[in-house]
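One-letter residues, chain by chain:
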Amino acid sequence: MRVTGMVRILVPLATLLSFWVIIQTYSEHRGRAISLRSWLGSTRKPMSSPPQPRHKCENKKDCPADHFAFRIISGAANVVGPSICFEDRILMSTVKNNIGRGLNIALVNGELGPHGPKALCTANFRTASTTVHMGLGRRGASLETHPDCVGNFQPLGKSGQLLKVGSFDMYSGDVTKLETFLEDIKYGTIMLAATYDDASTKMNDKVRALFSALGSRHVNQLGFRDNWVFLGAKGMKDKSPFEEHIKNDQKTNKYDGWPELLEMEGCAPRKQD
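In what follows, the accompanying structure is described. Because the structure is predicted, anything quoted here is derived from the model rather than measured.

Conventions adopted
- Residues numbered from 1 in each chain as written.
- Predicted model: local features only at pLDDT ≥ 70, side-chain atom pairs only at ≥ 80, totals over all residues.
- Heavy atoms only, no water.
- Salt bridge = Lys/Arg side-chain N within 4 Å of Asp/Glu carboxyl O.
- Helix = DSSP H or I, 4+ residues; strand = E, 2+ residues; numbered from the N terminus.
- Buried < 20%, exposed > 50% of the residue type's maximum accessible area, 1.4 Å probe, protein only.
- Core = buried A, V, L, I, M, F, W, Y, C linked by side-chain atoms within 4.5 Å.
- Contact = heavy atoms within 4.5 Å.
- Pairing = 2+ DSSP bridges.
- Axes fitted to C-alpha atoms, helices over the stretch in contact; angles between N-to-C directions.

A look at the pattern of salt bridges
Using the criterion set out here, one finds 11 salt bridges in the structure. Put simply, aspartate 88 and arginine 54 hold a salt bridge, and the shortest N to O gap is 3.0 Å. Here arginine 54 lies in the loop between helix H1 (2-42) and strand E1 (67-73) and aspartate 88 lies in the loop between strand E2 (83-86) and strand E3 (89-92), a separation of 34 residues in the sequence. The exposure class assigned to aspartate 88 is partly exposed, which follows from its relative accessible area of 34%. Of the charged contacts, one joins arginine 71 and glutamate 263 as a salt bridge, the two residues approaching to 2.1 Å between their closest N and O atoms. Of the two residues, arginine 71 is situated in strand E1 and glutamate 263 in strand E11 (residues 263-269); the sequence distance between them amounts to 192 residues.

Encoded structure:
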């Protein structure tokens, strides 16, 4: 009986002792492994990708020094408003609370250097017969010197400076306000335009002709609830390469009753002599 009792006591003790030895051995090796990984990790430099460069207006690439960076986004249906960015400055947007249904237009000083639109009349261009170039076309869109320039060489503001913004309801608004706005644009001024909801119901032939004179190719085809983004300039003879237009077509519309939004970015040349 005594031997049996001793066996009953020693067997559990031996089992516990063996289990303790196994646990200690495992913990020791695991600790060493962790310490080894930590030691190796401490000698390595953390892997990180190089920071991506940021471009003006969140564009995909930088513009040359003699170009303006811009980004124009049309409205999406009648829900999300348009956005116009120029030289990394948001000129019009929902956040700025200066957009509305119809046409949204920003005017900026388009001249290279500090002399404003009338810098067309520099020391090298002092006669009314002189022709300079805006540089918006393949060979440069020509801009004939306006008579107001002759003898007027006073600075009018910084190049790229915002001059004016306007929002025009083209569904039920007064189109004569847009006519006056367009007629008052000065030579050398760049226009950026974006549609929101509908921009054609009130658009008449006079307005279309004024936009055409600013370099638009597509304004004459602009229809009900079409989307349109455009950058042009006053005095252009050639058409602007910066324009996109998408028709309102039930077969291809992204939204119910409206096409998808348009987004255009680029580098608009300043004055090109």
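Comments concerning the nonpolar core
Ranked by internal contacts, the top residues of the largest apolar core, which has 21 residues, are Ile105, Leu178, Leu182, Met191 and Phe211. Broken down by secondary-structure element, the contributors of at least two residues to this core are strand E4 (102-109), helix H2 (175-183), strand E8 (189-196), helix H3 (205-213) and strand E9 (227-233). For this core, the leading source of residues is H2, giving four residues. Beyond its immediate sequence surroundings of up to four residues, methionine 191 is in contact with Ile105, Ala106, Leu107, Leu182, Ile185, Phe211, Leu214, Phe230, Leu231 and Gly232.

A closer look at the sheet that holds E4
Strand order in the open sheet made by the five strands is E7-E4-E8-E9-E10, with antiparallel pairing throughout. Single-partner strands in this sheet number two, and they are strand E7 (162-168) and strand E10 (243-246). For this sheet, the mean angle separating the axes of adjacent strands, direction not counted, is 15°. Pairing analysis gives eight bridges linking E4 to E8, with the strands arranged antiparallel. Within E8, the position partnered with alanine 106 by the bridge is leucine 192. The sheet strands contacting H2 are E4, E7 and E8, and the helix crosses E7 at an angle near 160°. Packing of H3 onto the sheet brings it into contact with E4, E8 and E9, and relative to E9 it is tilted by some 55°.

Without other data, these values stay purely geometric and don't point to any function.
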